[in-house]
Amino acid sequence: MAAAIGLNGAKLGTASSQAYLEGKAVKETKALMAELCRHFYSLGWVSGTGGSISIKVHDDSIPKPQQLILMSPSAVQKERMEAEDMYVLSDNGSVLSAPSPKPYPHKPPKCTDCDQLFMKAYEKRDAGAIIHSHGMESCLVTMINPFSKEFRITHMEMIKGIKGHGYYDELVVPIIDNTAHEHQLTESFTKAIEDYPKATAVLVRNHGIFVWGDSWISAKTQSECYHYLFDAAIKLHQKGLDWSTPNHGPIQSARRGLSIAGESNISAKARKDNGDIDPHPRCIVLDIEGTTTPISFVSEVLFPYARDNVGRHLSATYDTAETKADIKLLRSQVESDLEQGIAGAVPIPPDDAGKDEVIAAIVANVDAMIKADRKITALKELQGHIWQTGYANNELEGIVFDDVPEALEKWNALGIKVYIYSSGSRLAQRLIFGKTNYGDLRKFLSGFFDTTVGNKKETQSYVEIFQSLGVDKPSDILFVTDVYQEATAAKGAGLEVIISIRPGNGPLPGSHGFKTVKSFSDI
């Protein structure tokens, strides 16, 4: 264990650290764990000695990776646990303190069988706490479709309780297969964490769930939200409704006929060539500008509105955390632009130069960025926040082509999930589709991708999208765009591609080799 300084000045991992192990921080964390386990027992998460919990001992004087780790014991009635029953481990997993044996009928003390999995979550996610639940919802939800490697749900309020997610986002939780002993899950658990960097949980089929957070409060909150969402999915399934689509309509295609008990009455259409069930409908990923929406709307409405309202927006929101984050992002971008000699870049003075000076410099930079049509995150984030105000004040309304709403509704009814991938921020995308000339269309959209997954003209960006969606191969995804370079990049990742021909779109190279459509009704 790396030497760390405790509150008493002693180095942890040495004999002189005994005072720290018996100190206030450790004692309070032990007591907290016993209290939480009693609560989790009342929820049905840790009955029959199942389930477990681990929390790091928070101490501002010790770097988080080096903080002590507490774990609950194995095969113990969780609702009867006491503070002294907890194990204390070093940052590398070595046991520093173990509970004393108890008389018959208690078994000899043993640390949780999940210790290796907990250590992986601490190592790879810098977690502050992990909760392992055997709650019935987390078990049944993995059995609805015994072939699925993921649980997906969208458009549910409680998704907002999961770190990094909002109401309109699609929550994806990896599912790994159970083993006879929990420590045997370590390899598949680690792979799931690595393959799903945005996930804060891993489901174990026919078993339960592991949830981690920055602190015990975060882990507990998210665990409660996950169980709520699993329960909702089960109840929606029982009513024949699809929890994974935005409108939660009737279950379509392969999912119809699947019961919690297993497979029955599955259509031949839902099977792959080798006879295996394909649980995932085909996905469609749409560009916005020149595909769902006229280019003129972006160039003649949105961009001018953002450019004309930068100063007003910054002045009105200057002291908010959101605007401070926007300014920080822009300042970093401008510093990079100045180093590269980008035309139009002017230095943004430090905050102590005064609000008016900072805003004036930002206005000049943003104007140059918009005129150059730069696809950079710093600009897109600020634009999104400016447009948000515009939509809220009824000064803006999103425009889509006449064929778009009908196509979205048709695809949704067929069980095809539709996503958006645009250079505009996810906020800007949701704003466009949330208030259009045809009303709120977000109910037909399963998720949004922006340049945080990569540049739209780079193949790796589409690889990232494929790896984020619940399909077996890239060709299960259809990408529709008006830009030849984007089409080429997507094709390079193995996606199916169609180029959108709309009024005002730019010319395409001769013999480009892609199928084209003038209306979504042709798809």
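Residues numbered from 1 in each chain as written. Predicted model: local features only at pLDDT ≥ 70, side-chain atom pairs only at ≥ 80, totals over all residues. Heavy atoms only, no water.

1. A short note on the UniProt feature "binding site: substrate 2" (unreviewed entry) in the protein
Step number 1: The residues that UniProt annotates with the feature "binding site: substrate 2" (unreviewed entry) are S422, S423 and K456. A maximum C-alpha distance of 7.7 Å among these annotated residues, which run over 35 residues, shows that they cluster at one spot.
Step number 2: Among the structural elements, S422 can be located in the loop between β13 (417–421) and α12 (426–434).
Step number 3: Residue class for S422 comes out buried when judged on its relative accessible area of 9%. (UniProt positions renumbered as here; feature names shortened; annotations may be inferred. Helix = DSSP H or I, 4+ residues; strand = E, 2+ residues; numbered from the N terminus. Buried < 20%, exposed > 50% of the residue type's maximum accessible area, 1.4 Å probe, protein only.)

2. Quick word on the side chain of S500
Step number 1: Tracing the backbone shows S500 in strand β16 (residues 496–500).
Step number 2: Overall, S500 belongs to the buried group, its relative accessible area being 3%.
Step number 3: Within polar-contact distance, the side chain of S500 engages the backbone oxygen of G290 at 3.2 Å.
Step number 4: For S500, the contacting residues outside a window of four places in its chain are G290, T291, V480, T481, D482, N505 and V517. (Polar contact = N/O pair within 3.5 Å; in protein donor to acceptor, adjacent residues only side chain to side chain. Contact = heavy atoms within 4.5 Å.)

3. Description of the sheet that holds β16
Step number 1: The sheet built from six strands is open, its strands ordered β14-β13-β12-β15-β16-β17 with parallel pairing. Of all strands in the sheet, those with a lone pairing partner are β14 (447–449) and β17 (515–517), marking the two edges. Put simply, the sheet's adjacent strands are angled 25 degrees from each other on average, direction ignored.
Step number 2: One ladder, built from four bridges, connects strand β12 (residues 283–286) with β13; its direction is parallel. Bridging from a neighbouring strand, V285 pairs with Y419 of β13.
Step number 3: Running over the sheet, α12 touches β13 and β14 and is turned about 135 degrees from β14. (Pairing = 2+ DSSP bridges. Axes fitted to C-alpha atoms, helices over the stretch in contact; angles between N-to-C directions.)

4. Quick notes on the state of the cysteines
Covalent bonding between the sulfur atoms of two cysteines defines a disulfide.
Step number 1: Per the counting criterion, the structure on display carries zero disulfides.
Step number 2: In this model C111 remains outside any disulfide bridge; the closest cysteine sulfur is found in C114, 9.3 Å from its own.
Step number 3: Residue C114 is classed as buried on the basis of its relative accessible area, which comes to 1%. (Disulfide = S-S within 2.5 Å.)

5. Concerning the packing of helix α8 (residues 321–340) against helix α10 (residues 377–392)
Pairs of packed helices are described in terms of their axes, by the angle between the two and the distance that separates them.
Step number 1: Contact geometry for α8 and α10: axes closest at 8 Å, N-to-C directions at 150 degrees. Of the possible angle classes, the one that applies to α8 and α10 is roughly antiparallel. Crossing of α8 over α10 shows left-handed handedness. Within the contact between the two elements, α8 uses E322, D326, L329, L330 and Q333 and α10 uses T377, A378, L379, E381, L382, H385 and Q388.
Step number 2: Of the residues assigned to the contact of α8 with α10, the class counts are five nonpolar, four polar and three charged. (Parallel < 35°, antiparallel > 145°, perpendicular 65-115°, else oblique. Left-handed = near helix turned anticlockwise from the far one by under 90°. Nonpolar A, V, L, I, M, F, W, Y, C, P; charged D, E, K, R; others polar.)

6. Here's the deal with the side chain of S422
Step number 1: Looking at S422, its side chain comes within polar contact range of the main-chain nitrogen of G424, at 3.1 Å.
Step number 2: When sequence neighbours within four positions are dropped, the list of residues in contact with S422 reads D287, I288, Q429, F449, D450, T451 and K456.

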